[in-house]
Amino acid sequence: MDELISLACFNLPSEKVLHLFRLDLKKFFMSMIRGNDSMVGMERSHHLLILLFSFLFICMLPFKPVYNFPLGLKIIATGEKQADAKSSEVWLDRGTTALITDSKKNIFNEWDYKEKVLVSYQHQPATIFINDSLVSDAELVFIKSPYSGFAKIVTGNYSRDYNLFANESGIVKIKISDIPGSKINYISTETKFIFYLLTLYVVFFILFQLIKSGCKTPINAKKIVPAAVVIYSLPCLFIFLVSAFVYWPAQMSPDSLTQWHQIVTNSYTDAHPVLSTLLYASLYHLYPHPQIIILSQAILFSVVIGIGLNELKNWGVNKYCLFAAAFLFSAFPPTFLLISTLWKDIPFTIGILLLTIFSLRIARLHWHIDYKTLTAICIAGILVFSMRHNGIAIVAPYFLLLLVCVKGRVNKIKISSVLAFQLFLFVFSKTILLSLLGAAPIGQHYKAIYAIHVIGAMEKSDVKLDDEDQKLVNTILPQSSWQSQYNCKTVVPLFWDKNISYDFLGKNSPQINKLAIKMILANPFVFLKHQACVTSFIWRITPNQDEYLTISPNEITDLPVKNELQLAMASKMPRLKEKVIQMQDLLFMDWQTYFRPAGYFILGLFFAVILSIVYGYAFFIVFTPAFLNAAGWLLLAGSQDYRYMWPSVIVSIYLMLFIFQRRKSSTY
């Protein structure tokens, strides 16, 4: 055990780690009760901070009450079927199968296990006995098909039949908490909560001690060592090139195809920020194929990671850990998939990471800025605001905060100049540049996109409106579209519904936005439920039962413009591509909790806060770009694309490497 702990912590002596596990808990809790200023070598505020993060983590899981059925719960495949059904099969989905089979208390031996799910297709009727407790939002999900028969749910005197026959595949969802006879098990719920809280408290406490005890004064090196950057960049570049060859020439979504079409036809709009399209166009003129962009961003990202790991070396992070991190950064499955995708989010992420790295450098050099750093943060800022429309909402606050943090009149003038230049370039790109290019600005109908999603939530909940407001709602979309197309996770089905008029949205966006605000104020709980759903990829650590984590397209989306542009996938490693796609089912369905952004983000935030306690509160500027990125999506998210939170995930992983600071010395 000692050897394993030593290996996991690298140069940290195993005795020190074991000491953290052997805390006198009685003394600790008594100290908290008595209110001592120093408890187990820590201030009371630090314990409260750890408790806060533990509670926040529980909320983000999220914590679910435990339900059970005092009279038992049975799922019965009756053997009956509709006259035109081809069979009487009853299939459960993978989530429901896991829910049942993960507990030894449940009895399901009358059913078969096929294609990783429970199914009954012979020896019917067949019964599943659910004897274990279930969480409140658990669902029983049945598959509908032409081969499906009847299923029955039974508990006590309650019984309900479900006809699962359908000409086309579909599903039937039954929420556990909606089944009559289900009751909250308060003892189990309280026990579960206390166990989670104590466990998380211990974990965060150990992390706090490891981070704080490892922090040393960094070395005052101004030079970026090219040899070190190359050493750390090469593993990244190798893995990124593998990704590029696997998905040659590039993965492309509808967004990618739209932007590529603008480049090829030399007809620009600001639907995608025009500066991002011009950056891609400059590469297109060197080599008119999508792979030039993929290879360029792979090289740039590799170099930036190399610079970042070299910076951590100056902070005393173990050099062997850094070399291992170079592989882990690039082999991290979402990164491996995204780097070969033609999305502006990749240069955007590079910009966010570059701001983080050079913020670390500024903090290490005692808040003084040399011209090398000034150039880097200027380029990084341009990448951020030119790649995404919300980028300016990150860049402007970041530089304003940095202006407060830096020392000396000259340094403040430098930051002010960069900020002024960035604001000028942003305004120029949205006005004069569009005119020079003859490019159309972003469509006016996009001003109503957020409101459309909110109105959809209200209509789905049958919120009552006055005649005038209802007339406006019905003019936007018919009731059938509001009811069928609303999806709390994405605005796409509503906003691209065939019945919607973009011309009407553009002309009436102020009235539509006012109506959405009016609805929010009148129905706050409906809005909060909707907002919690659409932003769940930001704050929720564990997935819903039927969720699949989509990272990238895995292909060039099959649209007419694809053929027009003569684009086609031509993988250089087709067998490896098949393996990669197959693995995604395992990684992003069964193991998706380990890749969802929320867990990384809260850990990154925790590291940033602890490092700010050690090095001074101004240190939090390092995490500010990642924090602002997440905060922006928390307010205005319209869909759950992983790429939106990927920059915050990358920065969080980067900061976690501080746990591997050398304990004996801060220099090499």
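Bear in mind the structure is a predicted one, so any value in this text is a computation, not a measurement.

Caption draft 1: Inspection of the environment of Phe525 at higher detail. Mapped onto the secondary structure, Phe525 falls in helix α23 (residues 524-534). You can call Phe525 exposed: its relative accessible area is 70%.

Caption draft 2: Here's a closer look at the state of the cysteines. Under the definition given, this model contains one disulfide. Two residues share a disulfide in this structure: Cys488 and Cys533, whose sulfurs sit 1.8 Å from each other. Here the disulfide of Cys488 and Cys533 is right-handed, its torsion about the S-S bond being about 45 degrees. One end of the pair, Cys488, is in the loop between α20 (479-485) and α21 (492-495); the other, Cys533, is in helix α23, with 45 residues separating them in the sequence. Like Cys533, Cys488 is buried. With no disulfide of its own, Cys236 has Cys321 as its nearest cysteine by sulfur position, at a separation of 15 Å. When its relative accessible area of 0% is taken as the criterion, Cys236 is described as buried. Cys378 forms no disulfide, and the closest cysteine sulfur to it belongs to Cys405, at a distance of 19 Å. Overall, Cys378 belongs to the buried group, its relative accessible area being 16%.

Caption draft 3: Representation of the side chain of Thr155 within the structure. Its place among the elements puts Thr155 in strand β11 (residues 150-155). Take Thr155: its relative accessible area is 5%, and that puts it in the buried class. Contacts of Thr155, omitting those with residues within four sequence positions, involve Phe69, Leu71, Gly72, Leu73, Ile179 and Pro180.

Caption draft 4: Inspection of the side chain of Thr127 at higher detail. Its location among the elements puts Thr127 in strand β8 (residues 126-130). Discounting chain neighbours no more than four positions away, the residues touching Thr127 are Lys74, Ile75, Ile76, Ile107, Glu110 and Trp111.

Caption draft 5: Spatial organisation of the sheet that holds strand β12 (residues 158-163). Strand order across the open sheet formed by four strands is β8-β4-β11-β12, with antiparallel pairing between neighbours. Of all strands in the sheet, those bounded by a partner on one side alone are β8 and β12. Direction aside, neighbouring strands of the sheet carry axes that sit 15 degrees apart on average. Two strands pair when backbone bridges link them, and strand β4 (residues 73-77) and β11 are joined in this way by four bridges, in the antiparallel orientation. Opposite Ile76, over in β11, you have Lys152 as the bridge partner.

Caption draft 6: Molecular detail of the pattern of salt bridges. Within this structure, the stated rule accounts for 12 salt bridges. With its nearest N and O atoms 2.9 Å apart, the salt bridge here joins Arg94 to Asp590. In this pair, Arg94 is assigned in helix α5 (residues 94-101) and Asp590 in helix α26 (residues 574-590), connecting sequence segments 496 residues apart. Here Arg94 falls in the partly exposed class, since its relative accessible area comes to 27%. Put simply, Asp255, Asp345, Arg388, Asp641 and Arg643 are held in one network by salt bridges that share partners.

Caption draft 7: Main features of the nonpolar core. Residues Leu309 and Phe399 are the most contacted members of the largest nonpolar core, which totals 147 residues. With 12 residues, helix α13 (residues 345-364) is the single largest residue contributor to this core. When neighbours within four sequence positions are excluded, Phe399 is seen to be in contact with Leu355, Ile377, Gly381, Ile415, Val418, Leu419 and Gln422. Ranked by size, the runner-up nonpolar core spans 26 residues in total, among them Leu472, Tyr486, Cys488 and Val491.

Caption draft 8: Seen up close, the packing of aromatic side chains. Enumeration over the complete set of coordinates arrives at 33 aromatic pairs. Centre to centre, the rings of Phe240 and Phe301 are 5.6 Å apart; their planes meet at 10 degrees, and the pair counts as stacked. Pair noted here: Phe240 is in helix α7 (residues 226-246) and Phe301 is in helix α10 (residues 291-314), with a separation of 61 residues, a long-range link. Taken as a pair, Phe240 and Phe301 share a single burial class, namely buried. Look at Phe323 and Phe327: their rings are 5.5 Å apart centre to centre, the planes differ by 80 degrees, and that puts the pair in the edge-to-face class. With a gap of four residues between them, Phe323 and Phe327 both fall in helix α11 (residues 319-331), about one helical turn apart. Grouped by ring-pair contacts, the aromatic residues Phe55, Phe63, Phe193, Phe195 and Tyr196 constitute a single cluster. Here the guanidinium or amino end of Lys114 rests over the ring plane of Tyr121, the centre of that ring lying 4.9 Å away.

Caption draft 9: Structural context of the confidence of the model for the protein chain. The share of residues in the protein chain with pLDDT of 70 or more is 93%, and the mean pLDDT across the chain is 89. Here residues 1-41 is a poorly scored stretch, pLDDT under 50, and it has 43 contacts once near neighbours within four places are set aside; other chains count.

The rules we used
- Residues numbered from 1 in each chain as written.
- Predicted model: local features only at pLDDT ≥ 70, side-chain atom pairs only at ≥ 80, totals over all residues.
- Heavy atoms only, no water.
- Helix = DSSP H or I, 4+ residues; strand = E, 2+ residues; numbered from the N terminus.
- Buried < 20%, exposed > 50% of the residue type's maximum accessible area, 1.4 Å probe, protein only.
- Disulfide = S-S within 2.5 Å.
- Contact = heavy atoms within 4.5 Å.
- Pairing = 2+ DSSP bridges.
- Axes fitted to C-alpha atoms, helices over the stretch in contact; angles between N-to-C directions.
- Salt bridge = Lys/Arg side-chain N within 4 Å of Asp/Glu carboxyl O.
- Core = buried A, V, L, I, M, F, W, Y, C linked by side-chain atoms within 4.5 Å.
- Phe/Tyr/Trp six-rings, centres within 6.5 Å; stacked < 30°, edge-to-face > 60°.
- Lys NZ or Arg CZ within 6 Å of the ring centre and 35° of its normal.
- pLDDT = per-residue confidence, 0-100.

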